[in-house]
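Take a look at the letters that make up each chain.
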Amino acid sequence: MLLLRPGPARGRGRGPAGAPRGGLSLSWSPAWICCWALAGCQAAWAGDLSSSSGRPLPPCQEKDYHFEYTECDSSGSRWRVAIPNAAVDCSGLPDPVRGKECTFSCASGEYLEMKNQVCSKCGEGTYSLGSGIKFDEWDELPAGFSNVATFMDTVVGPSDTRPDGCNNSSWIPRGNYIESNRDDCTVSLIYAVHLKKSGYVFFEYQYVDNNIFFEFFVMLKAGTNILYWRTTGILMGSKAVKPVLVKNITIEGVAYTSECFPCKPGTFSNKPGSFNCQVCPRNTYSQKGAKECIKCAEDSQFSEEGSSECMARPPCTTKDYFQIHTPCDKDGKTQVMYKWIEPKICREDLTDAIRLPPSGEKKDCPPCNPGFYNNGSSSCHPCPPGMFSDGTKECRQCPAGTEPALGFEYKWWNVLPGNMKTSCFNVGNSKCDGMNGWEVAGDHIQSGAGGSDNDYLILNLHIPGFKPPTSMTGAMGSELGRITFVFETLCSADCVLYFMVDINRKSTNVVESWGGTKEKQAYTHVIFKNATFTFTWAFQRTNQGQDNRRFINDMVKIYSITATNAVDGVASSCRACALGSEQSGSSCVPCPPGHYIEKETNQCEECPPDTYLSIHQVYGKEACIPCGPGSRSTQDHSVCYSDCFFHHEKENQSLHYDFSNLSSVGSLMNGPSFTSKGTKYFHFFNISLCGHEGKKMALCANNITDFTVKEVVAGSDDYTGLVGAYVCQSTIIPSESKGFRAALSSQSIILADTFLGVTVETTLQNINIKEDMFPVPPSQIPDVHFFYKSSTTTTSCVNGRSTAVKIRCNPAKPGAGVLSVPSKCPAGTCDGCAFYFLWESAEACPLCTEHDFHEIEGACKRGFQETLYVWNEPKWCIKGISLPEKKLSTCETVDFWLKVGAGVGAFTAVLLVALTCYFWKKNQKLEYKYSKLVMTTNSKECELPAADSCAIMEGEDNEEEVVYSNKQSLLGKLKSLATKEKEDHFESVQLKSARSPNI
């Protein structure tokens, strides 16, 4: 219900189609007054013409005109004037008279009789809201309503030029209600009404699908109040959306009602002064404006409530009855009973009709559900506090050192449990009102027959809260409990099973849904806060309205429902608990956070460092689970997280990373993408990489317009549109000029709520980053990988979702850097379950060490030398150690060493020249001596023949010995050369001949 305030403006309201226009003030302006005066002048002139021509106009009868009020003036007064009806020529309209005050209105069940301006009661077969109007017939769009269809955002080009535009999208009347569009167009149902006093708008609606955005708002302007019911389908997949249904729109606060509205078909009013019409009961019908309902022929005809005609009863088939089990009797037996679906509309006396199977077959009753016992009676009762039972035995006291594990486990369905209820709902009709939506069937509970195939069959489970047992108080972390159910669906049409959750009775949200036939499977929903929960299972065979039953055999079966740690629950078993240090009794005491129960002593012991306590059991040291690589545990050992510091050894080199500057939430807007009709949307990701003591800082908004959530407090219990995680995703539809005031955020999902570890390896716990998923890194610095997972399972991700973030050193991208997704998977995922991101930043480089710089020595100047230190290029490090200051050291100058070198070089050169001259002179002397010796020998007697050669012939022995005498030392020879002695000094050479002296 929405309160409206009147505005001092002009406007006109409209009633239902075919309803009189009276009761809603007509817009008047000076132009209207002038026209009215002109009409009077023209009438007088026409009278003169008619009198001159001898053909006077007939006087006006009451049927030729109607009364309306002028617009209110500044003093709050108005006039009643007579307005000729269309195509009527008459003269002598009544003169204007002063009307009722502008705020005047009649009571409910009355109308304003305009002739005398008094309130009169409505007659039989009609009704009036007094100062309101009601729209409850939707065979066609009522007068005054209009449809406006637009794109939220489109690609280039007008929508009417595309074959799949929105020209055919609209709200569709469906008899008792009106249905929204099912596509991704934005369609507004608009109605304008003029209020004269404070009022309200009331309507009933059905809104079950988060894939369609529904909003109702009022634009209060000067004059007319514009009411908008607007829907936009968000078609991000192939799943069809469920439309929004609206009916019984009532607007209160109009000035007056000049005529009563006739009762619509299927309703009646049997007394004057009615403010509403009553619905005709079953097997009766009525036409429009009926004073009473007419009965159908009971033997051959039937009708539902609110029918406008009777229909023939069909022959009975197997679809017209169902099977139930009676409560257990004192002998522990239950009977299988067959019953006709009520109300029974079929006939058994027809030729091809079937009979109801015989009932009364007795079967053994199933045992009580765990935590209950029958105590020899025919009904099951919960075990008293501190006791437990498996359902087959009597309740027993928990042994010393243990406590009951409270919760609910329903797996036998002989009667509906006390904290569950069932119902049937259909916004389009009331056929199933009062019916049971679900029926118990021994080892399962199944959907009932309902009144029609598009009914919603409802099953509710109410739990006042969740609280961990005493021994688990310090082990639960963020999880308080969980609900698990096993089900299957058997469908031949487009059936859907919805699982919905309501927190503190504020709003019911769809958590998961399953369409079509599904094999037997289990689903688990985790509870993170202590609140009052209502869990709802809703089954719909088809979303199309059917006059006949075609899918009554389509059903859903739920075999078991288990809720752990439920407040006011029962116990099927006991678990070990910690005892007080004095052990004065067997009462359990809560362990501090992060402590497990030591098996031998039943005392609380703290978990070792870098381990976290299991949320499922705390008994024994094995309850402390080691954290993943590169992670540490919180102080209370509730979760493991990364403190943004990481260390890796590579080729005898130690790499240290500090990701603290990346601990703020990183965001990535990926896209745009377009639906089949051109609606633009983006995928918006938030990533909380590390730090914050393991708190999940990434927030994604759901179904709100401010997706930045800058002003939203994450811990607020009142704000249920936020999801918090390490990694989350929202679908963002940008704002545009066709009505949305800001960007729309919806379909927010948690991609990661558990941190697994950080490592340079590409695989961790079955999460693998393929080598070709991202470009090859330009350096030898290894990429660091953060791995996460989500504990929430879906129909497409039976093992939950996973996320891997590759952190890469890139000095060209300072600060927070840049986030990107694989080119092969532009949505961040290729299968919808595994998500991958690349985060490039200079902050992802390792800390600088002494291996990342080198020294440069300067020239020695004036006995001093400078040594500078510079980073290696390119620089693949950040922060860490700083460059050393330049170093100044003493040194020998270049002039001194140059002189020493020159001296040594000069001495060496002189020595070489001297030696060269010495050996040259000696060679000359040897040549001279030899030639003199040859000449002397040839001049002697008995001169021997000259030798052909000085060489020793082959085969000859060199038997001559040369004996040197008067040898000088090398130093003496050098002195003689230095003194330049001119006289020749010859060495005596004694030759000994090897020949005979006689020769």
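See the structure above.
Residues numbered from 1 in each chain as written. Predicted model: local features only at pLDDT ≥ 70, side-chain atom pairs only at ≥ 80, totals over all residues. Heavy atoms only, no water.

Under the criterion given, the structure shown has 42 aromatic pairs. An angle of 5° between the planes, with centres 6.1 Å apart, marks the rings of Phe499 and Phe535 as stacked. Of the two residues, Phe499 sits in strand S37 (residues 496-503) while Phe535 sits in strand S40 (residues 533-540), which places them 36 residues apart along the sequence. We note that Phe499, like Phe535, is buried. Over the ring of Tyr69 we find Arg78, and its NZ or CZ is 4.1 Å from the ring centre. Positioned over the ring face of Trp871 is Lys875, at 4.4 Å from the centre of the ring. (Phe/Tyr/Trp six-rings, centres within 6.5 Å; stacked < 30°, edge-to-face > 60°. Helix = DSSP H or I, 4+ residues; strand = E, 2+ residues; numbered from the N terminus. Buried < 20%, exposed > 50% of the residue type's maximum accessible area, 1.4 Å probe, protein only. Lys NZ or Arg CZ within 6 Å of the ring centre and 35° of its normal.)

What follows deals with the pattern of salt bridges. If you walk through the whole model with that rule in mind, you get 16 salt bridges. Across the pair Glu843 and Lys879 runs a salt bridge whose closest N-O atoms are separated by 3.7 Å. Placement of the pair is Glu843 in the loop between strand S65 (834-841) and strand S66 (853-857) and Lys879 in the loop between strand S67 (864-871) and strand S68 (887-890), with a sequence separation of 36 residues. Counted as one network, the salt bridges with shared partners bring together Arg174, Glu179 and Arg182. (Salt bridge = Lys/Arg side-chain N within 4 Å of Asp/Glu carboxyl O.)

Core analysis: the biggest nonpolar cluster contains 40 residues, and Trp438, Leu461, Phe499, Phe535, Trp537 and Ile561 have the highest contact counts within it. Among all residues touching Leu461, those that are not within four sequence positions of it are Tyr410, Asn419, Met420, Ile483, Phe533, Thr534, Phe535, Trp537 and Ile561. One finds Leu668, Phe755, Val760 and Tyr788 within the second-largest nonpolar core, a separate group that totals 34 residues. (Core = buried A, V, L, I, M, F, W, Y, C linked by side-chain atoms within 4.5 Å. Contact = heavy atoms within 4.5 Å.)

This structure, assessed with the given rule, holds four cavities of 30 Å³ or more. Its volume calculated, the largest cavity comes out at about 120 Å³. Together, 13 residues line the largest cavity, and Gln206, Leu245, Tyr456, Gln540 and Asn543 are the ones closest to its centre. Looking at the lining of the largest cavity, its residues break down into five nonpolar, five polar and three charged. (1 Å grid on protein atoms, 1.4 Å probe; cavity = no way out; pocket = protein on both sides within 12 Å on 5 of 7 lines; lining within 4 Å. Points joined across faces, edges and corners; volume = space filled by probe spheres on them. Nonpolar A, V, L, I, M, F, W, Y, C, P; charged D, E, K, R; others polar.)

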